[in-house]
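# Analysis of the macromolecular model
If you want the building blocks of each chain, they are given just below.
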Amino acid sequence: MAQVFHRSINWVAKFSIIAILGVVGGLFSILLNINRLDYVSGVGVARDQPVPFSHKHHVTGMGLDCRYCHTSVETSAFAGLPPVETCMTCHSLIWTEAPLLEPVRAAFRDDVPLQWTRVHDLPDFVYFKHNIHVSKGIGCSTCHGAVDQMPLMKKAETLNMEWCLSCHRNPAQFIRPRDRVFDVNWTPPDDQELRGQQLVKDYDVRVSQLTDCSVCHL
Amino acid sequence: MTDLVSTPQLSIDAAPEAGVGDMADARFSRKRLDLPQLRKTLSGQSGQQYWRSLDELAESGEFRQLLEREFPENASEWNEGFERRNFLKLMGASLAFGGLTGCTIQPEEKIVPWVRAPENVIPGRPVYYATAIAVDGAAVGLLAESHMGRPTKLDGNPQHPASLGASHPTVQAAILDLYDPDRSQTVKNAGRISTWGGFISGMAPPLASIQAKKGAGLRILTGSVTSPTLGSQLEGILKSLPEARWHQYDPARGDGAELGAQQAFGESVHTHYDLALADVVLSLDADLFLAGPAAMRYARDFMQRRTQSLHGSTASIPNRLYVAETSPSSTGSIADHRLGLDTGSIEALAAAIAARLGVAPGFTSGAPADWAGSPEWLDAVVDDLAAHRGTSAVIVGAHQSASLHALAHAINETLGNVGHTVHYTAPVDVLPADHAASLRDLVLDMSAGQVELLLILGSNPVYDAPAELKFAAAMDKVAFRVHLGSYEDETSQLCHWHVPQSHFLESWSDLRAYDGSVSVVQPLIRPLYPTQSVHEVIAVVAGASGKPVLDMVKERWAADPLFASDLAFETTWQKALHDGLIPGTALGDKPVQLRPLTMLAGFGRVLDVEEGFELSLRPDPYLGAGSVSNNGWLQETPRPVQKLTWDNAAIVSPATAERLGVTNEQVVTLNAAGGQVDAPIWIVPGQAEGVISTHLGYGRTHSGRVGNGVGFNAAVLRSASGGWSTTDVSVIKTFQQYKLACTQDHQSMEGRDLVRQGTIEHFQQDPRFAHEDFGHEFPAELTLYDQHDFSAPNQWGMAIDLSACMGCNACAVACQSENNIPVVGKEQVLNGREMAWIRIDRYFSDLDKPEILHQPIPCQQCENAPCELVCPVTATSHSEEGLNDMVYNRCVGTRYCSNNCPYKVRRFNFLQYVDRESETLKMGRNPDVTVRARGVMEKCTYCVQRINSARIDAKVANGEGRVGGDAVKTACQQACPTGAIVFGNLTDDQSQVTRLKKSPLNYGILTDLNTKPRTTYLARVKNPNPKIG
């Protein structure tokens, strides 16, 4: 019996093997990379908030320190969000009639708290602590980006595990002197790697321990 | 209406049909235990042998199967009625989507900051408040942990005399009651939803009619009351309405202590003991270390003396504990000498001891013959007591007769213990009463139609009163019935008004502890529902409603001479709130005069173990008389010696089982006091011969989703006279079987030398006996494992002192609370899927007169951990500080780690055990610990969340992050009443754990596998009397 397929068709079989491998590989790499998309991680996406609070205005314009509002950043895992009272220290005197601030005034008047939408939201199985990072020379802007330039709050980094690990494996790239932690204008110097290594030593950062699972997962 | 008091029937698995032949045997799927053969097996063995259950000893097929399988049969199926084939079909589909689950975009979350921030709260850091819980009515001081206004954990207040920082399972589990979704949430009038305002106006007409009659027809029923504020409120009512009556009935309470004091001293006297000074303690059926409001204190005092003499820097005389008890208890299991005796024999033993010591009570019906049970034991106890005059104590259990209590007072007096180890004070209760009589009087008056308005405050007599009294029927004759309770229970079903009661963490109050010291009960959270406290309901009766409870409590104390002036009040008050104690309230010793004693008829009548039986009723060690039976943590905690969960049983000794011709789980019908129940048999070595013990607190019909229909209600066997044991009982064998969920056969360790035990004498002669007589040492360097770098400044380790462990399970429940461990239910326990991270293995040495040993087993945190090597996804790995980390979100559920774990301490979420629906339960979870989902392995982490926060605080403070040796306490360690569990930093030479690990008694289990466990044990050392062979 003659062969069903002519031998000139063989390329189809060869090609399909490569194609299938390619498609499977492609799917796999999509699967691996999908979480890196800004669409998934939410990088650069401003969320709806009850009041369009501008960090740019308050930090760059008014010169407020991070800790004026985020009071527990040095003492607790949670950096803290200001109570309405904090807003009203100023806004009971300035912009008292601004319609934009009506939700703040209403909250204060009616004693009903504001509901802010979380921008930096880690999965529930990750236990991040602000106080230890701040005390070991990891600055606000390293993770939160140039908050002083953001009219509306956005995520600057993916907060994926690989991103966390990039620093936990080699904090020397990012660590800065303690007195510059809250400095929004700090930029890494040219010899950051060298200075960083010295700071890691000075601040007793035990790098090998930073990748222990139980450092973040409890 | 009256049908509510009938026994809830056990659902009994129909026994499989079998052909003719050995009827009894063939009808049971479980093979009948051949007890004579077991005895032979035991007698043929040389040296000390310990075994964990009768099935293990008998090497029954069921047991072999349990051993050979990682989890019991069917445990690996992920749902009942769901076969592997179906599973594979579904798996095909789920695998296809499996990889995509990691791609879900997180749902949006809200942050809700305060409008006005409270002082002293740092978001993300817990705050601790001192408060107190009522244990049998009396205070145990607590430190309650609050996360952003939500109480999440209860622990003992180290400054409180009744706890010294320790706790018990019931104390730990009380937090779950607060968040119980089945709690009563609204006022109800005749079954319809109403309001508190509606209740107040509804009460007006009957109250007016009562007031016109100076209170005639008003009856108030409460449990034991020690609260001074409630006391003054009630006294106020009784003063303004002199014809009203206040009755007290606490179903778990024995009246023997109160009546015994009356008999001995002619007045109400409260007794407590100073076991720190006691060299010799004789317990006559007192579960000293687990039952009652002083148990934590007694356990700590006694065991600290013991461990001091073993590991302490200063040598002290080791103390000795003798226990005679009906049913093996926690206390009995750490006794140096223990006898299982029926109630009559215990009394005869006491009479014999009294006679030898020269105490001569009168007897209304002839003195019992000298106790012949164990002359050697009697001689030894008498000699020991006589040799330790002033430093011994004879302590009688709460459920023993008044005469026995009185006799013990006389013995202690003769021994000169009063004022040293035994202290008499004014009563701790506001109004000491014979509860059984008080309830009887109430029912008589109700039946006679003399009660118009009945207020039942926090009790549930329809369920827990002796059925003989026919409480429900008597209630019909009461015109107006009001019930205050946390649940819409059996009693509220029969009341016109039901008012939901606030949890103690929701409302102000005060309580007296066992030594009289008063604690303010401080709320941590506003009531979750519109609930009321007992003070508010009483205020309605007094016509003073509307006043905040805090004001009522403050007014009571502002008027107290202790608070000298108005100016100082607020300062003293704030300090009392902060410390958890009102200073100067402890009751001083009260001089008493012993009267000539006459023992009542029947005293010391020894049970005829050839013919008769004794029925002995007791409150359940965890559920009490049933008020907390909707608490899943307590239901699922294995009972200390029996290891039963989710059921009560008729507990008998092996010999009694032989005499009855019954085997485990065979149902018998018990008849006593006109009541009848079907109870499954559970054979426990160490149980007194002829005594059938059973526990109250089960068989609830209106307790909630957890407690309904669990076990049988033993209250129907109670006698109205208040006795806790009777020989007037009939036992009828049935051929039905009822499955009991017992945890003792699970995760067995094949009888290696896991528990090592010796005597003090042995220890002094050969301090290394725990190594030389047992096991074998291996060169640690012979290993194929990669060696970890353990140079980090903190290295964690644990030492568990087996001398001090009494198996009370405080550690297990504390762990459950701290680590968000789910409850799985009876079916799952039967499948061996209980989730407890720390289990307590219990071993027996003998069938008839066993020694009972306990060994808590948390994760051993092996330095060479077998589990880590086999995980395909590295979900479990080693930390630099020596912890065996477990990453839940990485785990894919292969269960290889559990297979490879020699200690069987890993727990797998076969199903979605954690309740993700009930909103209130979410509030009670520890926010610092991940809530695990289905398909994930979990295990003890040495409370790594506590370690981390201590390390971070240390790093912020001193850079390097070295944590003080004893700075971190694990939840189990913190709860342990006896201090048996010691955890700490091994790099600190001065830490308690380092010192204990240097003890020659220190050994690891299964170290021949070269696992190098970080958790080690100190061999148990007893202090037996050499005169008892």
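Calculation notes
- Residues numbered from 1 in each chain as written.
- Chains lettered and ligands numbered in written order.
- Predicted model: local features only at pLDDT ≥ 70, side-chain atom pairs only at ≥ 80, totals over all residues.
- Helix = DSSP H or I, 4+ residues; strand = E, 2+ residues; numbered from the N terminus.
- Contact = placed C-beta atoms within 7 Å.
- Pairing = 2+ DSSP bridges.
- Axes fitted to C-alpha atoms, helices over the stretch in contact; angles between N-to-C directions.
- Buried ≥ 20, exposed ≤ 12 C-beta atoms within 10 Å, placed from the backbone.
- Domains from an automatic or database assignment.
- Nonpolar A, V, L, I, M, F, W, Y, C, P; charged D, E, K, R; others polar.
- Left-handed = near helix turned anticlockwise from the far one by under 90°.
- pLDDT = per-residue confidence, 0-100.
- Core = buried A, V, L, I, M, F, W, Y, C linked by C-beta atoms within 7 Å.
- Arc of directions from axis to C-beta.

This part is about the overall build of chain A. Scanning chain A from N- to C-terminus turns up 10 helices and 1 strand. The helix and strand sequence of chain A, counted from the amino end, reads α-α-α-α-α-α-β-α-α-α-α. Dimensions of chain A, computed from C-alpha atoms along their principal axes, come out at roughly 95 × 50 × 35 Å. For chain A, the proportion of contacts with a sequence separation of at least 24, taken over those separated by at least 6, is 71%.

The next point concerns the sheet that holds strand β6 (residues 192-193) of chain B. Residue and element names in this part refer to chain B. Across the sheet, 7 strands lie side by side as β6-β5-β18-β17-β16-β7-β8; this open sheet has mixed pairing. The open sheet has two edge strands with one neighbour each: β6 and β8 (245-248). Here strand β5 (residues 188-189) pairs with strand β18 (residues 497-500) via 2 bridges, running antiparallel. Across the sheet, residue K188 finds its bridge partner in β18, namely H498. Against the sheet, helix α7 (residues 196-212) engages β5, β7 (218-222), β16 (453-457), β17 (480-485) and β18, with an angle of about 125° to β18. With respect to the sheet, helix α15 (residues 435-447) is in contact with β7 and β8, its orientation differing from that of β8 by roughly 130°.

Residue and element names in this part refer to chain B. Within strand β26 (residues 675-683), 7 of the 9 residues are buried, which leaves the element mostly enclosed by the surrounding structure. Sheet topology note: the strand β24 (residues 650-652)/β26 ladder contains 3 bridges and is parallel. Within β26, the position partnered with A650 by the bridge is I681. By the bridge criterion, 6 bridges tie strand β25 (residues 666-672) to β26 in an arrangement that is antiparallel. Of the residues in β26, the one forming a bridge with V667 is P680. Taking the residues between adjacent antiparallel strands as the criterion, β25 and β26 are bridged by 2 residues, where A673 takes a positive phi near 50°.

Residue and element names in this part refer to chain B. With domains assigned, chain B is organised as domain 1 (2-30 + 611-742), domain 2 (127-178), domain 3 (189-253 + 431-579), domain 4 (270-425) and domain 5 (759-1022). On a C-alpha basis, the centroid separation for the pair domain 2 and domain 5 is 24 Å. The partner domain 5 presents 16 residues to the 15 residues of domain 2 that form the contact. Counting only elements with at least two residues in the side of domain 2 that touches domain 5, the list comes to β4 (150-156) and α6 (169-178). The element contributing the most residues to the side of domain 2 that touches domain 5 is α6, with 6 residues. Of the residues belonging to the side of domain 2 that touches domain 5, the class tally is 6 nonpolar, 6 polar and 3 charged.

Okay, the packing of helix α5 (residues 84-91) of chain A against helix α6 (residues 102-110) of chain A next. All names here are of chain A. Running from N to C, α5 and α6 cross one another at 115°; their axes reach a closest spacing of 10 Å. Taken as a pair, α5 and α6 cross one another with a handedness that is left-handed. Seen from α5, the contacting residues are V84, C87, M88 and H91; seen from α6, they are V104, A107 and F108. Counted by class, the contact of α5 with α6 contains 6 nonpolar, 1 polar and no charged residues.

Moving on, we get to the domain arrangement of chain A. Here chain A is described as being made up of domain 1 (7-36) and domain 2 (72-80 + 120-215). Each of domain 1 of chain A and domain 2 of chain A was reduced to a C-alpha centroid, and the two centroids are 40 Å apart.

A word on the confidence of the model for chain B. All names here are of chain B. Chain-level statistics for chain B give a pLDDT mean of 86 and a share of 87% at 70 or above. In this model residues 95-103 is a low-confidence stretch, pLDDT under 50, and it forms 4 contacts with partners more than four residues away in sequence or in other chains. Of the two predicted TM-score estimates for the complex, the pTM is 0.89 and the ipTM is 0.89.

What follows covers the interface of chain A and chain B. Chain A puts 42 residues into the contact, and the matching count from chain B is 40 residues. Mapped by element, the contributors of at least two residues to the side of chain A that touches chain B are α5, α6, β1 (116-117) and α7 (130-135) of chain A. Residue contributions to the side of chain A that touches chain B peak at 3 residues, all from α7(A). Here the residues of the side of chain A that touches chain B sort into 20 nonpolar, 13 polar and 9 charged. Relative to strand β1 (residues 110-111) of chain B, β1(A) is paired through 2 bridges, and the arrangement is antiparallel. Opposite W116(A), over in β1(B), you have I111(B) as the bridge partner.

What follows is about the nonpolar core. By size, the foremost hydrophobic cluster in this structure holds 286 residues, and its most contacted members are V140(B), L284(B), A350(B), I395(B), L407(B), A650(B) and C811(B). Core analysis: the next-biggest nonpolar cluster, separate from the first, contains 9 residues, C66(A), V134(A), C140(A) and I175(A) among them.

The next point concerns unusual backbone geometry. Here the phi dihedral of W95(A) falls at roughly 55°; this positive angle occurs in a residue that is not glycine. With respect to the secondary-structure elements, W95(A) resides in the loop between α5 and α6. Of note, the phi angle at Q861(B) is positive, near 45°, even though the residue is not glycine. Assignment of secondary structure puts Q861(B) in the loop between β34 (852-857) and α27 (866-870). Exposure remark for Q861(B): the 26 C-beta atoms within 10 Å place this residue in the buried category.

Time to look at α6(B). All names here are of chain B. Counting buried positions over the 10 residues of α6 gives 10, a clear majority of the element. Those residues of α6 not exposed but buried are P169, T170, V171, Q172, A173, A174, I175, L176, D177 and L178. The elements touched by buried residues of α6 are β2 (127-135), β3 (138-147), β4, α21 (632-636), α25 (810-818) and α31 (971-975).

A separate point is α6(A). Residue and element names in this part refer to chain A. For α6, the full list of buried residues reads V104, A107 and F108. End-on, the buried residues of α6 take up no more than an arc of 95°, which puts them together on one face. Turned more than 90 degrees from where α6 packs its buried face, R109 and D110 sit exposed. Elements in contact with the buried residues of α6: α5. Just beyond α6, the residue with positive phi is D111, at close to 60°.

This part takes up the sheet that holds strand β32 (residues 796-801) of chain B. Residue and element names in this part refer to chain B. The strand order β39-β32-β41-β40 describes an open sheet built from 4 strands, whose pairing is mixed. The sheet terminates laterally at β39 (981-985) and β40 (1002-1003), the two strands that pair on one side only. By the bridge criterion, 2 bridges tie β40 to strand β41 (residues 1015-1018) in an arrangement that is antiparallel. Along β41, the bridge assignment pairs Y1003 with Y1017.

Right, let's get into the pairing of strand β22 (residues 614-619) of chain B. All names here are of chain B. Burial analysis of β22 places 6 of its 6 residues in the buried class, the great majority of the element. Of the two faces of β22, the one lined by E614, S616 and R618 and the one lined by L615, L617 and P619 are each fully buried. Relative to strand β27 (residues 691-696), β22 is paired through 6 bridges, and the arrangement is parallel. When the sheet's bridge partners are listed, L617 is paired in β27 with T694. Direction of pairing for β22 relative to strand β28 (residues 725-726): antiparallel, over a ladder of 2 bridges. The residue bridging L615 from the neighbouring strand is T726, located in β28.

Here we come to the environment of E102(A). Residues and elements named next belong to chain A. With respect to the helices and strands, the residue E102 is situated in helix α6. A residue is classified by how many C-beta atoms lie within 10 Å of it, and E102, with 13 of them, is partly exposed. Expressed as a C-alpha distance, the spacing of E102 and V51, which sit 51 residues apart in the sequence, is 8.6 Å.

Before going further, it helps to spend a moment on the environment of V482(B). All names here are of chain B. Residue position: V482 is located in strand β17. Note: C-alpha distance between V482 and V537 (55 residues apart in sequence) is 9.9 Å. Contacts of V482, omitting those with residues within four sequence positions, involve L454, L455, I456, C495, H496 and W497.

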